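These are the residues of each chain, in order.
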Number of protein chains: 2
Amino acid sequence: MQTITTEALTATAFAPFGDVLEAAGDFRLINAGLCKRHHDRARIDTGDARTGISIFNAEPRALPYAFDLIERHPEGSQAFVPMTEHRFLVIVASSPADTPRAFLTNGAQGINLHRGIWHGVLTPLHAPGLFAVVDRIGDTPNLQEYRYPQTWTVIAG
Amino acid sequence: MQTITTEALTATAFAPFGDVLEAAGDFRLINAGLCKRHHDRARIDTGDARTGISIFNAEPRALPYAFDLIERHPEGSQAFVPMTEHRFLVIVASSPADTPRAFLTNGAQGINLHRGIWHGVLTPLHAPGLFAVVDRIGDTPNLQEYRYPQTWTVIAG
């Protein structure tokens, strides 16, 4: 069995794959000082198609978590915003030839996967697995899948 | 004192103002049946500018809640996705001449305000007041404000 150990999700570690959406770093004070706006934190790229918001409701998984499938969207970025304060698992890979990485959010983070980045399916660890997803709305399949010849098992770091 | 009583947020009641972002209605099963995708639920309109994701961290308010200011963004829609399971208050008005309305979310709902809709500032009712906001990213002010000659007070319905 090949194992992958979870890593804490940080903007620096995640930079090769996408953006971390969190209330960190620079902000503008708005609404008479009562709200911090951390401005424009995602590199959205949906090509010549529309950008839309969909709601995903996914079954919670548990660690250790076994998978053998990754996918990517060649035509657009894809952001996942948890509508809960639960941590979730983010599996990404530089390419099918590389060992995947498994990041664990801190409960106050979303992510935006850059266009074409290989990733695992949405894996909440607690119910409800409720997310707002900001991605490309179009008629093309915009999906490529890769199945590893073996199973990877994600274990808690 | 002029009071407004909160109403439950439903897609039908909110339709004149925007979209309710929730796991309701039609969906597509994806990820081998483990995820429901409620597809393309927001009428995003950011004109000729980019659509972006910002993170807002707002101070919680409490009911009864008094306000005298509403605002609108003439150049774009604005979606608020709570990153918690807390209810929040959504104040909207058809025009400055009309009595505002105050909707209370159910803890599993976001909203997308349509372009140009008058609304109150972001009013979470619990900490953390953490939201992902999908709106227009541009250089223009894109903001109009209106101050009522009197204060409105929102009370629990």
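Quick summary incoming for the structure in this document. If you're wondering where the values come from, they're calculated on a predicted model, not measured in any experiment.

### Some thoughts on the overall build of chain A
Reasoning step 1: Of regular secondary structure, chain A possesses one helix and 15 strands.
Reasoning step 2: Rg of the C-alpha trace for chain A: 16 Å, near the compact-globule value of 15 Å for 157 residues, within the 12% margin.
Reasoning step 3: Out of the 157 residues belonging to chain A, those deemed buried represent 52%.
Reasoning step 4: Contacts in chain A between residues far apart in sequence, at least 24 positions, make up 81% of those at least 6 positions apart.
Reasoning step 5: Both charge centroids of chain A, one from 13 positive and one from 16 negative side chains, sit 4 Å from each other.

### Structural notes on the nonpolar core
What tends to happen in soluble globular proteins is that the nonpolar side chains get buried as a cluster.
Reasoning step 1: Within the largest apolar cluster, 22 residues are counted, with the highest numbers of intra-cluster contacts made by I53 of chain A together with I53 of chain B.
Reasoning step 2: The contacts of I53 of chain B, once residues within four sequence positions are left out, are L21, D40, R41, A42, I44, A79 and V134 of chain A together with A132, V133 and V134 of chain B.

### Digging into the sheet that holds strand β6 (residues 50-58) of chain B
Reasoning step 1: Strand order in the open sheet formed by seven strands is β4(A)-β5(A)-β6(B)-β14(B)-β8(B)-β11(B)-β3(B), with antiparallel pairing between adjacent strands. If you trace the sheet from one side to the other, it starts and ends with β4 (28-30) of chain A together with β3 (18-21) of chain B, each paired once. Shown here is a sheet whose adjacent strand axes are inclined to one another by a mean of 25 degrees, direction ignored.
Reasoning step 2: Bridge analysis of β4 of chain A against strand β5 (residues 35-38) of chain A gives three bridges, and the strand direction is antiparallel. Looking across to β5 of chain A, one finds that L29 of chain A is bridged to K36 of chain A.

### Details of the interface of chain A and chain B
A common way to express how large an interface is: the accessible area buried when the components associate.
Reasoning step 1: Across the contact, 47 residues belong to chain A and 47 residues belong to chain B.
Reasoning step 2: Note on chain A versus chain B: buried area summed over both sides is about 3,700 Å², and carbon and sulfur give 60% of it.
Reasoning step 3: Counting the surface chain A buries against chain B, the share from its top three residues, I53, I55 and M83 of chain A, is 19%.
Reasoning step 4: Summed over the shared surface of chain A and chain B, the result is four salt bridges.
Reasoning step 5: Where R37 of chain A meets D135 of chain B, a salt bridge forms, and the shortest distance between an N and an O atom there is 2.9 Å.

### A closer look at the relation of the copies chain A and chain B
Reasoning step 1: When chain A is fitted to chain B, the best match, at an RMSD of 0.0 Å, comes from turning it 180 degrees and sliding it 0.0 Å along the axis. The operation mapping one copy onto its partner corresponds to a two-fold rotation axis.
Reasoning step 2: In this assembly the copies share their binding face: 100% of the residues contributing to the interface of chain A also contribute to that of chain B.

### Describing the pattern of salt bridges
Reasoning step 1: What the rule picks out here adds up to 14 salt bridges over all chains.
Reasoning step 2: Put simply, D40 of chain A and R50 of chain B hold a salt bridge, and the shortest N to O gap is 2.7 Å. Within this pair, whereas D40 of chain A is found in the loop between β5 and β6 (50-58), its partner R50 of chain B is found in strand β6, the two belonging to separate chains.
Reasoning step 3: Exposure remark for R50 of chain B: the relative accessible area of 43% places this residue in the partly exposed category.
Reasoning step 4: Residues joined in a network through salt bridges with shared partners are D48, E75 and R136 of chain A.

### Quick notes on the sheet that holds strand β11 (residues 110-113) of chain A
Reasoning step 1: Within the open sheet, the seven strands sit side by side as β3(A)-β11(A)-β8(A)-β14(A)-β6(A)-β5(B)-β4(B). Their pairing is antiparallel. Two strands in the sheet have a free side with no partner beyond their single neighbour: β3 (18-21) of chain A together with β4 (28-30) of chain B. Taking the axes of each pair of neighbouring strands and ignoring which way they run, one obtains an average angle of 25 degrees across the sheet.

### Regarding the side chain of S77 of chain A
Residues and elements named next belong to chain A.
Reasoning step 1: One can find S77 in the loop between β7 (65-72) and β8 (78-82).
Reasoning step 2: Residue classification places S77 among the buried positions, given a relative accessible area of 2%.
Reasoning step 3: Setting aside chain neighbours within four positions, we find S77 in contact with R43, I44, D45, T46, N112, L113, H114, R115, V134, D135 and R136.

### Some words on the side chain of H119 of chain A
Residues and elements named next belong to chain A.
Reasoning step 1: Mapping H119 onto the fold places it in strand β12 (residues 118-119).
Reasoning step 2: A polar contact of 3.4 Å, which involves the side chain of H119, links it to the side chain of H73.
Reasoning step 3: A polar atom in the side chain of H119 sits 3.0 Å from the backbone oxygen of I117.

### Observations regarding the packing of aromatic side chains
Reasoning step 1: Per the stated rule, a full pass over the model turns up 18 aromatic pairs over all chains.
Reasoning step 2: A centroid spacing of 5.5 Å and a plane angle of 90 degrees characterise the contact between F14 of chain A and F103 of chain A, whose relative ring orientation is edge-to-face. Taken together, the residues F14 of chain A in helix α1 (residues 11-14) and F103 of chain A in strand β10 (residues 101-104) connect sequence positions 89 residues apart.
Reasoning step 3: Residue class for F14 of chain A comes out buried when judged on its relative accessible area of 0%.
Reasoning step 4: Relative accessible area serves as the criterion here: at 0%, F103 of chain A is assigned to the buried category.
Reasoning step 5: When the centroid spacing of 4.9 Å and the interplanar angle of 80 degrees are considered together, the rings of F88 of chain B and F131 of chain B count as edge-to-face. Within this pair, whereas F88 of chain B is found in strand β9 (residues 88-93), its partner F131 of chain B is found in strand β14 (residues 129-137), the two being separated by 43 residues in sequence.

What counts, and where the lines are drawn
- Residues numbered from 1 in each chain as written.
- Chains lettered and ligands numbered in written order.
- Predicted model: local features only at pLDDT ≥ 70, side-chain atom pairs only at ≥ 80, totals over all residues.
- Heavy atoms only, no water.
- Helix = DSSP H or I, 4+ residues; strand = E, 2+ residues; numbered from the N terminus.
- Rg over C-alpha atoms; globule rule 2.2 N^0.38 Å.
- Buried < 20%, exposed > 50% of the residue type's maximum accessible area, 1.4 Å probe, protein only.
- Contact = heavy atoms within 4.5 Å.
- Lys, Arg positive; Asp, Glu negative; His and termini not counted.
- Charge placed at Lys NZ, Arg CZ, Asp CG, Glu CD.
- Core = buried A, V, L, I, M, F, W, Y, C linked by side-chain atoms within 4.5 Å.
- Pairing = 2+ DSSP bridges.
- Axes fitted to C-alpha atoms, helices over the stretch in contact; angles between N-to-C directions.
- Buried area = accessible area lost by both parts, 1.4 Å probe.
- Salt bridge = Lys/Arg side-chain N within 4 Å of Asp/Glu carboxyl O.
- Least-squares fit on C-alpha atoms with pLDDT ≥ 70 in both.
- Polar contact = N/O pair within 3.5 Å; in protein donor to acceptor, adjacent residues only side chain to side chain.
- Phe/Tyr/Trp six-rings, centres within 6.5 Å; stacked < 30°, edge-to-face > 60°.

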